Amino acid sequence: MAMNETLIREQYDQMADVYDQRWNNYIAKTLSFLKNWTQISPEAAVLDIGCGTGEFERLLLTENPQQVITGVDISEKMLLMAKQKCRTYPNVSFRRASVLALPFADNSFDVVVSASAFHYFDDPTLALKEIKRVLKPKGRVIILDWCKDYLLCRICDFVLKFLDPAYRQCYTQKEFHRLLISAQFELRRTTKFRFGVVWGMMIAEAA
Ligand SMILES: C[S@@+](CC[C@H](N)C(=O)[O-])C[C@H]1O[C@@H](n2cnc3c(N)ncnc32)[C@H](O)[C@@H]1O
């Protein structure tokens with residue numbers, strides 16, 4: 001495992017017990033936005049990268065208990081919370097894996113989502129290449145993350161680079177789109193939005 005991933009894993013292993021509580025408001029708002037914006041069909045096989053404590057899975061399952069979902073994360077403890085939450089659903093599974101080496105065959109998923117994790121990815125180009133590989137030819141990827149176009153995110157990005165050795169970087173919407181396009185994705189729908197008063201997020205769907 002890369003050095004950065006070890007740091008991330010340690011950080012989230014430590015935080016796992018309190019993650020849902022501490023980030024309750026953030027998680028609820030961002031993930032319900034993601035779910036509504038994405039409109040995942042009930043038949044779609046979904047992969048969630050950086051699934052954390054499985055809150056997105058829980059959300060999807062409330063609407064469609066049959067949804068086939070796979071969650072991956074590098075933190076064992078976060079995954080433990082997720083597994084516990086979804087234990088009664090045989091259609092949901094979790095694996096410990098990095099986005100940089102997804103343990104799935106080519107063309108496995110209809111929809112790949114990732115929420116609030118892209119800013120941790122060491123090599124975003126390689127990450128997108130892996131996502132593309134596991135996506136079916138007609139599949140789509142939807143990535144939600146912080147947006148550096150907003151002042152507070154920009155400040156946070158600057159500060160976290162000093163204070164948080166696990167943090168990698170967040171991107172402007174333009175940089176984000178460029179990454180997707182250079183990974184041979186075609187942008188379908190994109191937007192950015194304020195979250196709370198000052199925070200900013202962006203989301204893109206690509207195929
Ligand atoms: C801020 S949490 C978001 C969790 C969840 N998606 C949510 O919205 O509540 C970021 C998650 O990404 C995971 N992560 C970071 N880098 C990763 C990587 N390279 N591969 C897979 N997961 C990763 C972390 O372990 C952490 O659980």
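Small disclaimer: the values here were computed from a predicted structure and weren't measured.

(A) Quick look at the site of the ligand. As a structural note, the neighbourhood of the ligand is formed by 20 residues, with Y12, G50, D73, V99 and A115 the closest of them. The contact in question runs from an oxygen atom of the ligand to an N or O atom on the side chain of D73, over 2.6 Å. A distance of 3.4 Å separates a nitrogen atom of the ligand from a polar atom in the side chain of S98. Here the residues of the shell around the ligand are counted per class, giving 13 nonpolar, five polar and two charged.

(B) The arrangement of the pattern of salt bridges in detail. A full pass over the atoms with the stated rule returns 15 salt bridges. For K35, the salt bridge identified is with E63, shortest N-O distance 2.9 Å. A residue pair is termed long-range when its members are at least 10 positions apart, and K35 in helix 2 (residues 24-38) and E63 in helix 3 (residues 55-63) qualify at 28 residues. In this structure, R189 and E205 form a salt bridge, with 3.0 Å as the shortest nitrogen-oxygen distance. Here R189, found in strand 6 (residues 187-195), pairs with E205, found in strand 7 (residues 199-206); they are 16 residues apart in sequence, far enough to count as distant. Overlapping salt bridges, with partners in common, bring together D20, E55, R58 and K85 in one network.

(C) Representation of the pairing of strand 5 (residues 135-146) in the model. Among the 12 residues that make up strand 5, nine are buried, leaving the element largely enclosed by the rest of the structure. Two strands pair when backbone bridges link them, and strand 4 (residues 109-115) and strand 5 are joined in this way by six bridges, in the parallel orientation. In the sheet register, F109 faces strand 5, and the bridge partner there is L135. Taken together, strand 4, helix 5 (residues 124-134) and strand 5 form a β-α-β motif whose crossover is right-handed. Direction of pairing for strand 5 relative to strand 7: antiparallel, over a ladder of six bridges. When the sheet's bridge partners are listed, V141 is paired in strand 7 with A206.

(D) Inspection of the packing of helix 2 against helix 3 at higher detail. Between helix 2 and helix 3, the shortest axis-to-axis distance is 10 Å and the interhelical angle comes to 50°. In this view, helix 2 runs oblique relative to helix 3, as classed from their interaxial angle. Judged by the twist between their axes, the crossing of helix 2 over helix 3 is right-handed. Across the interface between the two elements, I27, L31, S32, L34 and K35 of helix 2 pack against E55, F56, L59, L60 and E63 of helix 3. In terms of residue class, the contact of helix 2 with helix 3 is made up of six nonpolar, one polar and three charged.

(E) Expanded view of helix 1 (residues 3-22). For helix 1, the principal kink sits at A16 and spans about 70°. Along helix 1, the residues that are buried comprise N4, E5, I8, Y12, M15, A16 and Y19.

(F) Representation of the nonpolar core within the structure. In this structure, L34, L47, I49, V112, L128, W146 and F185 are the most contacted members of the largest nonpolar core, which totals 73 residues. If sequence neighbours within four positions are ignored, V112 has contacts with L47, I49, I131, V134, L135, R140, V141 and I142.

(G) Spatial organisation of helix 6 (residues 151-163). Taking 1.5 Å as the rise per residue, helix 6 with 13 residues should run 18 Å; its terminal C-alpha atoms sit 18 Å apart, in good agreement. Where helix 6 is concerned, the buried positions are C153, D157 and L160. For helix 6, the buried positions fall inside an angular range of 75° around the axis, keeping them on one side. With respect to the buried face of helix 6, the exposed residues turned more than 90 degrees away are L151, F158, F162 and L163. The elements touched by buried residues of helix 6 are strand 5 and strand 7.

(H) Region of the structure containing the environment of N64. When you line up the elements, N64 lands in the loop between helix 3 and strand 2 (68-73). C-alpha separation for the pair N64 and A44, spaced 20 residues apart in sequence, amounts to 11 Å.

What counts and what doesn't
Residues numbered from 1 in each chain as written. Predicted model: local features only at pLDDT ≥ 70, side-chain atom pairs only at ≥ 80, totals over all residues. Heavy atoms only, no water. Near = heavy atom within 4 Å. Polar contact = N/O pair within 3.5 Å; in protein donor to acceptor, adjacent residues only side chain to side chain. Nonpolar A, V, L, I, M, F, W, Y, C, P; charged D, E, K, R; others polar. Salt bridge = Lys/Arg side-chain N within 4 Å of Asp/Glu carboxyl O. Helix = DSSP H or I, 4+ residues; strand = E, 2+ residues; numbered from the N terminus. Buried < 20%, exposed > 50% of the residue type's maximum accessible area, 1.4 Å probe, protein only. Pairing = 2+ DSSP bridges. Right-handed = clockwise from strand over helix to strand, strands pointing away. Axes fitted to C-alpha atoms, helices over the stretch in contact; angles between N-to-C directions. Parallel < 35°, antiparallel > 145°, perpendicular 65-115°, else oblique. Left-handed = near helix turned anticlockwise from the far one by under 90°. Contact = heavy atoms within 4.5 Å. Bend = angle between axes of the 7 residues up to and from the residue. Core = buried A, V, L, I, M, F, W, Y, C linked by side-chain atoms within 4.5 Å. Expected span 1.5 Å × (residues − 1). Arc of directions from axis to C-beta.

The values are spatial; any link to function lies outside them.
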